[in-house]
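# Coordinate inspection notes
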Amino acid sequence: KVGEVATEKGINAYVIGGFVRDLIIGRKNLDVDIVVEGDATELARAFAKKIMGKVHIFDKFKTATVTLSDGFKIDFASARTEIYRAPGALPEVDTAPLKKDLFRRDFTINTLAVKLNGREFGKLIDFFNGLKDIKEKKIRVLHALSFVEDPTRILRALRFAVRYRFNIGKHTEKLLKIAVRKNLFRTVEGKRVYLELKHIFEEDNPLRIVNRMEEYGILKAFSPRFIWNRKKRDFFERIRKIVNWHKLTFNKHKANYSILYFAAFLESLPADEVDRLLKDFSVPDDEANLIKNLIYRGRQLAVKLERESFSNSELYEILKREKEEMVLYVAARTTKEDLKHRLLEYLKEWRDLKLVITGNDLKEMGLKPGPLFKKILTELKHRVLDGKVDNEYDALEEEVK
Ligand code: ATP
């Protein structure tokens, strides 16, 4: 459909990058990037109108996003060199603007394009041997200065290498090592590094990516005091299991999983170093506070729960005001299996426990609504949690007496 609209308007449009890469590899990808040789916003508007979708225009950058109901998100961007073309000029016949646009990208595997309009619909455009590199399972940069230009690509290289089980090309690896040795991360805005770290922690297996970061000396570049040892790796592995459990168990309760890894990542650093990194990475206040909470209060909470044995109802009272992330973090942090199980049980069963008995039942028993109501119901709930109740009505009568 985008192609039809582009053809009508006589504009060249291509789907590019990650979507094409994943199409060839066979991985699900709901983010479609379209590059237009011309005004992307015009095409996006016309397309949205045709499919009656929602369009969001960013005039400053000449980009637009159309969101489809089935989860697909289509981004439209103008190939840079085309934006200021004189009005009325003939549409470009050659693909120079597209090529220039693709040349700015990180790796060859991300430079494939498929033409969407005209007679060449569906044609694969491959200026930089991306297809060959996908087949050979290689991550390769497009030119020798790539990591200097943008050191966050170092993190992207490791992320893609682990995700697709690709190797980093020999030459690319050499360039990567030089970039790390020169500590080029210092030249990047911390915010961008943080974003890439977050992407890493959103992957299925961050542990393997951080292992690679350690291997290349990237952790030490962030902080010389970074420790990446067996204990940390086990912690990451436990987080992964708990995140998977949580994803499978709930639709309703959402959690920020990447932040669990991020807190675990920073945990062994001294407090002033944690603060420095959060500041350098320009982590937004709410996230920084949650991370620090997980690290410090999470530690206290884990110690407390490991040390004393609490009844179910006591555990319920301790946890009920805690964020989802905190309960998950403590469950991942502890190596005590029984504590972990009880925390997960809390998330799965206890916190949503609904009594059969309601306030109405109390009214019928001739009680007046008020603080006492809540007290009775809470007490009853505690007793149910502690397995002391066979029949709620009997228990209630006992309680009221
Ligand atoms: P994912 O599957 O993780 O979303 P993606 O390739 O779609 O992978 P994005 O971060 O959404 O990744 O980036 C979209 C495209 O923009 C990429 O295909 C890549 O070519 C390009 N890109 C992103 N970041 C950079 C960068 N730092 N340098 C060069 N190109 C980049």
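Residues numbered from 1 in each chain as written. Predicted model: local features only at pLDDT ≥ 70, side-chain atom pairs only at ≥ 80, totals over all residues. Heavy atoms only, no water.

Structurally, the position occupied by I178 is in helix α8 (residues 170–181). For I178, a relative accessible area of 34% gives the class partly exposed. Taking C-alpha positions, I178 is 40 Å from I57, a pair spaced 121 residues apart along the chain. (Helix = DSSP H or I, 4+ residues; strand = E, 2+ residues; numbered from the N terminus. Buried < 20%, exposed > 50% of the residue type's maximum accessible area, 1.4 Å probe, protein only.)

Before going further, it helps to spend a moment on unusual backbone geometry. Of note in this structure, M52 is not a glycine but carries a positive phi near 55°. For M52, the location among the structural elements is in the loop between α3 (40–51) and β3 (54–58). Even without being a glycine, S282 presents a positive backbone phi close to 50°. Note that S282 resides in the loop between α14 (271–280) and α15 (285–307).

Our focus in this paragraph is helix α12 (residues 230–249). The end-to-end C-alpha distance of α12, which contains 20 residues, comes to 29 Å, matching closely the 28 Å that a straight helix rising 1.5 Å per residue would cover. Residues of α12 that are buried: K232, F235, F236, I239, I242, V243 and H246. Projected down its long axis, α12 shows its buried positions confined to an angular sector of 130°, all on one face. In α12, those exposed residues whose orientation departs by more than 90 degrees from the buried face are R230, K241 and L248. Those residues of α12 that are buried are in contact with α9 (190–201), α10 (206–215), α13 (257–266), α17 (324–333) and α18 (337–348). (Expected span 1.5 Å × (residues − 1). Arc of directions from axis to C-beta. Contact = heavy atoms within 4.5 Å.)

Further remarks concern the packing of aromatic side chains. To describe a pair of aromatic rings, one takes the distance between the centres and the angle between the planes. Scanning the entire structure with this criterion turns up 22 aromatic pairs. Considering the side-chain rings of F201 and Y261, the 6.1 Å spacing of their centres and the 15° angle between planes classify their relative orientation as stacked. In this pair, F201 is assigned in helix α9 and Y261 in helix α13, connecting sequence segments 60 residues apart. For the pair F201 and Y261, one class covers both residues: buried. An aromatic cluster of three or more residues is present, and its members are F185, Y194, F201, F222, F226, W228, F236, Y261, F262, F265 and F281. One cation-aromatic arrangement involves R159 over F160; the distance from NZ or CZ to the ring centre is 5.0 Å. (Phe/Tyr/Trp six-rings, centres within 6.5 Å; stacked < 30°, edge-to-face > 60°. Lys NZ or Arg CZ within 6 Å of the ring centre and 35° of its normal.)

The next point concerns the pairing of strand β2 (residues 31–37). Taking burial as the measure, the seven residues of β2 include five buried ones, the bulk of the element. The pairing of strand β1 (residues 12–16) with β2 spans five bridges and is classified as antiparallel. Counted as the bridge partner of V15 is I34 from β2. Bridging between β2 and strand β5 (residues 73–78) involves six bridges; their strand directions are parallel. When the bridges of β5 are listed, D31 appears paired with K73. (Pairing = 2+ DSSP bridges.)

Turning our eyes to something else, we now look at the confidence of the model for the protein. In the predicted model, the protein carries a mean pLDDT of 89, and the fraction of residues at 70 or more is 95%. Considering only residues more than four positions removed or in separate chains, one finds that residues 90–94, a stretch of pLDDT under 50, has eight contacts. Both scores are available for the predicted complex, with the pTM at 0.89 and the ipTM at 0.97. (pLDDT = per-residue confidence, 0-100.)

Attention now moves to the sheet that holds strand β4 (residues 63–67). Taking strand neighbours across the sheet as the criterion, the seven strands line up as β3-β4-β5-β2-β1-β6-β7 in an open arrangement whose pairing is mixed. The open sheet has two free edges, formed respectively by β3 and β7 (124–125), since each of these has just one partner strand.

Contact pair α9 / α13: the axes reach a minimum separation of 8 Å and the direction vectors enclose 110°. Taken together, α9 and α13 sit at an angle that is classed as roughly perpendicular. Every pair of crossing elements has a handedness; the one defined by α9 and α13 is right-handed. The residues of α13 that touch α9, namely those facing Y194, L197, K198 and F201, are S258, Y261, F262 and F265. (Axes fitted to C-alpha atoms, helices over the stretch in contact; angles between N-to-C directions. Parallel < 35°, antiparallel > 145°, perpendicular 65-115°, else oblique. Left-handed = near helix turned anticlockwise from the far one by under 90°.)

It is worth spelling out the layout of surface pockets at this point. The volume enclosed by the largest pocket comes to roughly 1700 Å³. In terms of lining, the largest pocket is formed by 45 residues, of which the most central are D33, D75, R105, R156 and H199. Residues belonging to the lining of the largest pocket are distributed by class as follows: twelve nonpolar, eight polar and 25 charged. (1 Å grid on protein atoms, 1.4 Å probe; cavity = no way out; pocket = protein on both sides within 12 Å on 5 of 7 lines; lining within 4 Å. Points joined across faces, edges and corners; volume = space filled by probe spheres on them. Nonpolar A, V, L, I, M, F, W, Y, C, P; charged D, E, K, R; others polar.)

Right, let's get into the site of the ligand. Around the ligand, the surrounding shell holds 16 residues, and the nearest of these are R21, D150, R153, R159 and R163. Within the backbone of D106, an N or O atom sits 3.1 Å from a nitrogen atom of the ligand. A distance of 2.7 Å separates an oxygen atom of the ligand from a polar atom in the side chain of R163. Look at the ligand: alone it shows 590 Å² of surface, and the protein chains cover 76% of it. Of all the cavities here, the one that holds the ligand is the largest pocket. For the shell around the ligand, the secondary-structure elements that each account for two or more residues are α2 (18–25) and α7 (152–164). Here the shell around the ligand takes six residues from α7, the largest share from any one element. Class assignment for the residues of the shell around the ligand results in one nonpolar, four polar and eleven charged. (Near = heavy atom within 4 Å. Polar contact = N/O pair within 3.5 Å; in protein donor to acceptor, adjacent residues only side chain to side chain. Areas by Shrake-Rupley, 256 points an atom, 1.4 Å probe, with all protein chains shown as cover. Sits in = over half its atoms within 2 Å of the grid points.)

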